[in-house]
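Listed below are the residues making up each chain.
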Amino acid sequence: MSSESSKKRKPKVIRSDGAPAEGKRTRSDTEQEGKYYSEEAEVDLRDPGRDYELYKYTCQELQRLMAEIQDLKSRGGKDAAVEIEDRRIQSCVHFMTLKKLNRLAHIRLKKGRDQTHEAKQKVDAYHLQLQNLLYEVMHLQKEITKCLEFKSKHEEIDLVSLEEFYKEAPPDISKAEVTMGDPHQQTLARLDWELEQRKRLAEKYRECLSNKEKILKEIEVKKEYLSSLQPRLNSIMQASLPVQEYLFMPFDQAHKQYETARHLPPPLYVLFVQATAYGQACAHRKSSQPPRQDKTLSVAIEGSVDEAKALFKPPEDSQDDESDSDAEEEQTTKRRRPTLGVQLDDKRKEMLKRHPLSVLLDLKCKDGSVLHLTFHYLMNLNIMTVKAKVTTTTELITPISAGDLLSPDSVLSCLYPGDHGKKTPNPANQYQFDKVGILTLRDYVLDLGHPYLWVQKLGGLHFPKEQPQHTVIADHSLSASHMETTMKLLKTRVQSRLALHKQFASLEHGIVPVTSDCHHLFPAKVVSRLVKWVTITHEDYTELHFTKDIVEAGLAEDTNLYYMALVERGTAKLQAAVVLNPGYSSIPPIFQLCLNWKGEKTNNNDDNIRAMESEVNVCYKELCGPRPGHQLLTNQLQRLCVLLDVYLETESHDDSVEGPKEFPQEKMCLRLFRGPSRMKPFKYNHPQGFFSHR
């Protein structure tokens, strides 16, 4: 290997005394060229696997020799220099071996690339031939398809079947001996038979028309007879009015309502029919008498019938005198063209125009309170809206914190989960809004009413979200399937809001009303007292530092109601931020606590505060009381006062402080603390009257 390396280095040496001429080739150049070509031939004879094994062996030997040289240098013996030189020579030999293996690897790589390039050129040539053949095949297929798809005019005629043709057609037309073997003559014969049949049917059609005219004349005669009966029936109805009032069967009034209902738009008509039917069905359940209107649900129609009729009348042609007067006014008076803003306002008003007629529903509860619902129909938007109002038998003194409970804007909010009624349920309306510059329907709901989804379903309207449609047909079955459930939810909503209204009046005066049915849920003596109950805004709630968990969990929506309660006992003050869902009491309120006593304590730094929140929020079913559970909120507040008593009375007393204990223990507890977190006993056991751990 050393001789081969010396031969390679010789041509690379540049001599100072002069170099051979360019045209001459030295002996070393000839040897180098021969060596290069011999290595190319040698690549085909050598096994790459053995070269790889030789490469690994050479690297291992180099590592060993380098380690031995390092070891000899570290020893520093007398004979170390000779041994180091010997191993250096061996290392150089191995380096020459590595260089040769490197050259062989490069030669193999070059040959592989050349072979790959040749194969790629062959594949490209074959691929080009394939594309040419495919193009020719596609062209031929198109020509074949054109020939197969050729249609004649007679193919559009629906001819009778062959069996029926040979069975019914006369022999002079069918000509079976000729047409059976000739498809062309067969088609011509079938066309002749079709023509003959159509002539016969045309003659029959003329006969039917003459019979129709005779029948129409008979119908006209009978109509005249029936029209003469109308005045007599009216006189009979007028004479029966006292009987109808006495028997509580206002047939005449119902007849007028149905006459007016003919001019309702389809969604309001569906609502009127289904609500009337539901009221009659409810009345029939309570009584075995014939169906009549339910006293708890009354349906009426309000509005101008003449304006409703005018919507369906075509505009009358203007008279000549009116046109002449208009022409004179145009000549004598100069009118300013309306500005762009005025035009947009007019377009918005036209877009949000309501139908002249509306449907009124009065839903009466057991306590005498009435929910008045007025349903409108926006003609251009094809949606329904509702306005709500609650009236009671006695005048209510509205507490400050109960201002939004019976507000028309929020009393029906989220009757179904997520249905806040602030945006249009019809996806097609957004395109209409863009044309007239309306950003959202939220700015107009106070005047137009709320377009809740349940209102659309009561009117039989269903708007698919995937494919917005401008025309939606009112469906009676959709309205009937939602009528009973919605009526029950409306009654429940009114009763729960009225119950909260009365409770808030007591809470604002520091009194937590607990009914006799719920006294067993609390101990006889409760020292902590509610001193403050106020309403707060959604923004104020989100800014509180101890409500971040509720906000991050998405439970603090802007449709909810928010309140702040303050419970005190001595120097301890417990703040409770309350989230009241519109679906109360089926959805319980959520409490977040912050205790100010010996520092600020929340669920983040005190496990017992977290346990108190769990007692109120998680174990709320124990506090629902008798159905329908309208006492849940006041029971939760009373439980909160009891929990504060237990928390303060079970707190360990500091012996270094002189004087009596600030909060003496008055509650009986089986065990004051449990576990490494020293949890307090918050569960009240009735009728034993002691507190224990859960």
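Below or above, wherever it landed, is the structure these notes cover. (Residues numbered from 1 in each chain as written. Predicted model: local features only at pLDDT ≥ 70, side-chain atom pairs only at ≥ 80, totals over all residues. Heavy atoms only, no water.)

The next thing to look at is the overall build of the chain. Scanning the chain from N- to C-terminus turns up 22 helices and 11 strands. A separation threshold of at least 6 residues defines the contact pool for the chain, and within that pool the share at least 24 residues apart is 65%. Summed over all atoms, the accessible surface of the chain reaches about 45200 Å², with 54% contributed by carbon and sulfur. (Helix = DSSP H or I, 4+ residues; strand = E, 2+ residues; numbered from the N terminus. Contact = heavy atoms within 4.5 Å. Areas by Shrake-Rupley, 256 points an atom, 1.4 Å probe, with all protein chains shown as cover.)

Before going further, it helps to examine unusual backbone geometry. Of note, the amide linkage connecting Tyr584 to Ser585 takes the cis form, showing an omega dihedral of 15°. Within the element layout of this structure, Ser585 appears in the loop between β7 (572-580) and β8 (590-596). Residues Arg627 and Pro628 are joined by a peptide bond in cis, for which omega reads 5°. With respect to the secondary-structure elements, Pro628 resides in the loop between α21 (607-617) and α22 (632-649). Positive phi, close to 50°, is recorded for Lys175, a residue that is not glycine. With respect to the element layout, Lys175 can be found in the loop between α6 (171-174) and α7 (176-179). On the accessibility criterion, Lys175 (43% relative accessible area) is partly exposed. The backbone of Cys414 shows a phi angle near 55°, a positive value even though the residue is not glycine. (Buried < 20%, exposed > 50% of the residue type's maximum accessible area, 1.4 Å probe, protein only.)

What follows is about the layout of surface pockets. Here the largest pocket defines a volume of roughly 1000 Å³. Lining of the largest pocket is provided by 47 residues; of these, Lys488, Leu489, Thr492, Arg493 and Ser586 occupy positions nearest its centre. Of all the secondary structure elements, the ones that give two or more residues to the lining of the largest pocket are α11 (266-286), β2 (357-364), α18 (476-507) and β7. For the lining of the largest pocket, the residue count by class is 23 nonpolar, 14 polar and 10 charged. (1 Å grid on protein atoms, 1.4 Å probe; cavity = no way out; pocket = protein on both sides within 12 Å on 5 of 7 lines; lining within 4 Å. Points joined across faces, edges and corners; volume = space filled by probe spheres on them. Nonpolar A, V, L, I, M, F, W, Y, C, P; charged D, E, K, R; others polar.)

Our next topic: helix α3 (residues 48-75). Two residues of an α-helix separated by three or four positions point the same way, owing to the 3.6 residues in each turn. Across its 28 residues, α3 extends 41 Å between first and last C-alpha, which sits within 8% of the 40 Å expected from 1.5 Å per residue. Among the residues of α3, Asp51, Thr58, Glu61, Leu62, Leu65, Ile69 and Leu72 are the ones counted as buried. Directly beyond the C-terminal end of α3, a positive phi value near 70° is found at Gly76. (Expected span 1.5 Å × (residues − 1).)

Counting 51 residues, the largest nonpolar core has Phe375 and Trp454 as the members making the most contacts within it. If you list the elements that add at least two residues to this core, you get α11, β1 (297-303), β2, β3 (370-378), β4 (383-391), α15 (429-436), α17 (453-458) and α18. When residues in this core are grouped by element, the largest group, seven residues, is from α11. Among all residues touching Phe375, those that are not within four sequence positions of it are Leu268, Leu271, Ser358, Val359, Leu361, Met384, Thr385, Val386, Trp454, Val455 and Leu458. With 49 residues, the next largest nonpolar core counts Leu574, Tyr584, Val646 and Tyr684 among its residues. (Core = buried A, V, L, I, M, F, W, Y, C linked by side-chain atoms within 4.5 Å.)

It is worth spelling out the environment of Asp443 at this point. Checked against the element boundaries, Asp443 lands in the loop between α15 and α16 (445-448). For the pair Asp443 and Lys423, spaced 20 residues apart in sequence, the C-alpha to C-alpha distance is 9.5 Å.

Right, let's get into the pattern of salt bridges. Tallied over the entire structure, the rule returns 30 salt bridges. Ionic pairing is found between Arg46 and Asp51, a salt bridge with its closest N-O pair at 2.8 Å. Given a relative accessible area of 24%, Arg46 falls into the partly exposed group. Overall, Asp51 belongs to the buried group, its relative accessible area being 7%. Across the salt bridge formed by Lys667 and Glu649, the nearest N and O atoms sit 3.4 Å from each other. Linking Lys667 in the loop between α22 and β10 (683-685) with Glu649 in helix α22, this pair joins segments that are 18 residues apart in sequence. Glu649 matches Lys667 in its accessibility class, with the two residues each being buried. (Salt bridge = Lys/Arg side-chain N within 4 Å of Asp/Glu carboxyl O.)

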